[in-house]
Amino acid sequence: MFVHDALPMRVVFGPGALDRVAEEVDLLGLHRVLVLSTPRQGALAARVTALLGERAAGTFDGARMHVPSATVAAAEDVAASVRADGCLAIGGGSTIGLAKALSLRQGLPSVVVPTTYAGSEMTPVWGLTEDGRKTTGRDPVVLPRSVVYDPDLTHALPAAVSGPSGLNAIAHAVEALYAPNATPVISAMAERGVRDLAAALPLVVADGSDGAARSLALEGAWLCGACLGATTMGLHHKLCHVLGGMLDLPHAETHAIVLPHVAAFNLPAAPEADAVLRRALGTDDVPAALRDLATTLGVPDGLRALGVAHADLARVADEVLAAPYSNPVAATRADIEAIVEAAWRSR
Ligand code: NAD
């Protein structure tokens, strides 16, 4: 038996789709949106503001990784001062995370324009960081009302970010396939998403302005993000969350390094997921194919290449074991230590 509970999802997809943002804002009945971005994407925020015309009430370009509460408070002040009735977030998971915080705390609906492959736009998961502690939760109110995917905007995403970000997306699909709440719809999206990304990412990294490859990669990221939003993640996401939070590691690279190791541990216990991934990757050895893809994409070789000291690994298993999580096979302390050790050494 399965239960498929589809999340509402309005997606506008295609090169040049950014030109549609004003229409999307009008469809939602919004009149005064606050445009959100990181400092690095201020020029893009200015472009969106121009496209929105009088619908843009103000700009906040201070979005930061992990949604610090001080950043949210500063954005709330701007939203109040310009009497914003919604927001438009343009950027990666950090900027979309800020829009989600404003939806959660102020009820502001959002239109988002993702420019990485992280997939946050497809999930009802929010995160907030206060005094160095990140709290996360699920609430349908944070789901963007409209998502505008314009592959042209991803041409500027450097190769060193595109590869890990794409593997981060593939990790969502891998874990969705063996999630307790997987359904045939999820499996279909996961298979297509992994196939698209595995085909597109080497081309994207070789030539960031390859329009067809950028479109295929973003389409894959959308599908993998939708898998993330609809299912419960397992050991891989748990481990990356612990590693990232404890050791302040870069999100996408951590996923890209750890994924082949968790896949090697979990897939023997999840033969149906393994079969789907074999088809999607055109291989009979999924962990090896993921390792090869990471190598082709220039992902740092092992957690130690991210500057992690071996002594830091000892605490990781404790924290993974501290709270339950879903996984196709129970991982003992020794299993987790072995996975982390292998991921530290090399992919
Ligand atoms: P990010 O949003 O932090 O972006 C990284 C940097 O790249 C930023 O400086 C950004 O301005 C820049 N950038 C983004 N797109 C660009 C482009 N096209 N060209 C040039 N520069 C660009 O990174 P991310 O990997 O997208 O997001 C990671 C964050 O998202 C993490 O905090 C993670 O926890 C969160 N996340 C949340 C969910 C969820 O469901 N809530 C899902 C995935 C990720």
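Quick caveat, the model's predicted, so the values are computed rather than measured.

Calculation notes
- Residues numbered from 1 in each chain as written.
- Predicted model: local features only at pLDDT ≥ 70, side-chain atom pairs only at ≥ 80, totals over all residues.
- Heavy atoms only, no water.
- Core = buried A, V, L, I, M, F, W, Y, C linked by side-chain atoms within 4.5 Å.
- Buried < 20%, exposed > 50% of the residue type's maximum accessible area, 1.4 Å probe, protein only.
- Domains from an automatic or database assignment.
- Contact = heavy atoms within 4.5 Å.
- Phe/Tyr/Trp six-rings, centres within 6.5 Å; stacked < 30°, edge-to-face > 60°.
- Helix = DSSP H or I, 4+ residues; strand = E, 2+ residues; numbered from the N terminus.
- Pairing = 2+ DSSP bridges.
- Axes fitted to C-alpha atoms, helices over the stretch in contact; angles between N-to-C directions.
- Right-handed = clockwise from strand over helix to strand, strands pointing away.
- Salt bridge = Lys/Arg side-chain N within 4 Å of Asp/Glu carboxyl O.
- UniProt positions renumbered as here; feature names shortened; annotations may be inferred.

All right, on to the nonpolar core then. One finds Leu36, Tyr117, Ile170, Leu239 and Leu303 to be the most contacted residues of the largest nonpolar core, which totals 94 residues. Taken domain by domain, the makeup of this core includes at least three residues from each of domain 1 (11-153) and domain 2 (157-345). With near-sequence residues (within four places) excluded, Ile170 lies in contact with Val194, Leu197, Ala198, Leu201, Cys224, Leu259, Leu290 and Leu293. Membership of the second largest hydrophobic core comes to 20 residues, among which are Val33, Ala56, Val113 and Leu153.

Taken as a whole, this structure holds 3 aromatic pairs when the rule is applied. Relative to Trp222, the ring of Phe13 has its centre 6.4 Å away and its plane inclined at 40°; by these criteria the two rings are tilted. Taken together, the residues span a long stretch of sequence, with Phe13 in strand β1 (residues 11-13) and Trp222 in helix α7 (residues 211-230) at a distance of 209 residues. With relative accessibility at 32%, the residue Phe13 sits in the partly exposed group. Owing to a relative accessible area of 22%, Trp222 belongs among the partly exposed residues under this scheme. Measuring from centroid to centroid gives 6.5 Å for Tyr149 and Trp222, while their planes differ by 45°, and the two rings are tilted. Pair noted here: Tyr149 is in strand β8 (residues 146-149) and Trp222 is in helix α7, with a separation of 73 residues, a long-range link. Through a chain of ring-to-ring contacts, the aromatic side chains of Phe13, Tyr149 and Trp222 assemble into a single cluster.

If you trace the 6 strands from one edge of the open sheet to the other, you get β1-β8-β5-β4-β2-β3, paired in parallel fashion. For this open sheet the edge positions go to β1 and β3 (56-60), each flanked by a neighbour on one side alone. Put simply, the sheet's adjacent strands are angled 15° from each other on average, direction ignored. With 3 bridges joining them, β1 and β8 adopt parallel strand pairing. If you follow Phe13 over to β8, its bridge partner there is Tyr149. Relative to β3, helix α3 (residues 69-81) is tilted by about 155°, and along the sheet it contacts β2 (33-36) and β3. With respect to the sheet, α7 is in contact with β1 and β8, its orientation differing from that of β1 by roughly 165°.

So, about the pairing of β3. Looking at chain direction, β2 and β3 are connected through 4 bridges and run parallel. Note on β3: the bridge partner recorded for Leu36 is Phe60. Each parallel crossover has a hand, and for β2 linked through helix α2 (residues 42-52) to β3 it is right-handed.

Moving on, we come to the pattern of salt bridges. Taken as a whole and assessed by the stated rule, the structure comprises 13 salt bridges. Note that Asp26 is salt-bridged to Arg55, the shortest N-O span being 2.7 Å. On the criterion of sequence distance, the pair formed by Asp26 in helix α1 (residues 21-27) and Arg55 in the loop between α2 and β3 is long-range, its members being 29 residues apart. The class of Arg55 is partly exposed, set by a relative accessible area of 23%. The salt bridge involving Glu191 is made with Arg195; its shortest N-O contact spans 3.0 Å. Taken as a pair, Glu191 and Arg195 lie in helix α6 (residues 184-206) at a separation of 4 residues, close to a single helical turn. Using a relative accessible area of 14% as the deciding quantity, one classes Glu191 as buried. Residues joined by salt bridges that share partners form a network here, namely Arg10, Arg20, Glu23 and Glu24.

Now for the pairing of β2. Because side chains alternate across β2, one face comprises the buried residues Val33 and Val35, and the other comprises Leu34 and Leu36, equally buried. Here β2 runs beside strand β4 (residues 86-91); their pairing, made up of 4 bridges, is parallel. From the neighbouring strand, Val33 faces β4, where its bridge partner is Gly86.

Here the UniProt-annotated "domain: Alcohol dehydrogenase iron-type/glycerol dehydrogenase GldA" (unreviewed entry) positions come out as residues 8-151. With 31% helix and 27% strand, residues 8-151 has its two end C-alpha atoms placed 22 Å apart.

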